[in-house]
Amino acid sequence: MKLKPKKNKKQKQKKISAQKSEEAMIEGILEGSPDAIGVAVVRLECGCRKMAAVDKDGEPASKVIMYRDSAENICDKCKQDDGAFARVTESFIHWVEPEPGAYAKQMIKAKVLGTSPQH
């Protein structure tokens, strides 16, 4: 019987990246936000998404945009609770090249998306 090697914390954290359907929206947000160094992407369990550009200080560089792939409107639940935090399944920041340093990225990510306990 072979044992699988233990993965360290960095290996456990899978890198979340933009899906094809999100890339056009991200590019549009960046085009209208000259101060942006990235776009925060929040995916909700209902399939809706929230996105907004962020600047080098972690402040908003655009309005928050909510949308749902292949739909004219966001879902009824999002209309009621504006995409509540409790329904978030994934969130990440899509960085613009050149990306900020690791420390700056962590600070901005914590400010924009919040922090969660490390396991």
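Residues numbered from 1 in each chain as written. Predicted model: local features only at pLDDT ≥ 70, side-chain atom pairs only at ≥ 80, totals over all residues. Heavy atoms only, no water.

Visitor: Teacher, can you tell me more about the sheet that holds strand β3 (residues 65-68) here?
Guide: Strand order in this open sheet of 4 strands is β3-β2-β1-β4, and the pairing throughout is antiparallel. The strands lining the two open edges of the sheet, one partner per strand, are β3 and β4 (88-95). Each neighbouring strand pair of the sheet contributes to a mean axis angle of 20°, computed without reference to strand direction. For strand β1 (residues 38-44) and strand β2 (residues 48-54), the ladder comprises 6 bridges, and the chain directions are antiparallel. Its bridge partner lying in β2, V42 is registered against K50. Helix α4 (residues 102-113) contacts β1, β2 and β4 of the sheet and is inclined by roughly 140° relative to β4. (Pairing = 2+ DSSP bridges. Helix = DSSP H or I, 4+ residues; strand = E, 2+ residues; numbered from the N terminus. Axes fitted to C-alpha atoms, helices over the stretch in contact; angles between N-to-C directions. Contact = heavy atoms within 4.5 Å.)

Visitor: Help me out: how do you make sense of the nonpolar core in this one?
Guide: Most often, soluble globular proteins have nonpolar side chains that are buried together. L44, C46, C48, C78, I93 and I108 are the most contacted members of the largest nonpolar core, which has 15 residues in total. Going through the elements one at a time, β1, β2, β4 and α4 are the ones with two or more residues in this core. Non-local contacts of I93, meaning those with residues more than four positions away in its chain, are made with G38, V39, A40, V54, I108, K109, V112 and L113. Residues A18, I29, A36 and M51 belong to the second largest nonpolar core, which totals 11 residues. (Core = buried A, V, L, I, M, F, W, Y, C linked by side-chain atoms within 4.5 Å. Buried < 20%, exposed > 50% of the residue type's maximum accessible area, 1.4 Å probe, protein only.)

Visitor: Honestly, the side chain of R49 in this entry has me stumped. Any pointers?
Guide: Looking at the element boundaries, R49 is found in strand β2. A relative accessible area of 9% places R49 in the buried class. Engagement of the side chain of R49 in a polar contact is seen with the side chain of E22, the distance being 2.5 Å. Here G47 takes part through its backbone oxygen, which lies 2.9 Å from a polar atom of the side chain of R49. Sequence-distant contacts of R49, defined by excluding residues within four places in its chain, comprise Q19, E22, V42, R43, I65, M66, Y67 and D69. (Polar contact = N/O pair within 3.5 Å; in protein donor to acceptor, adjacent residues only side chain to side chain.)

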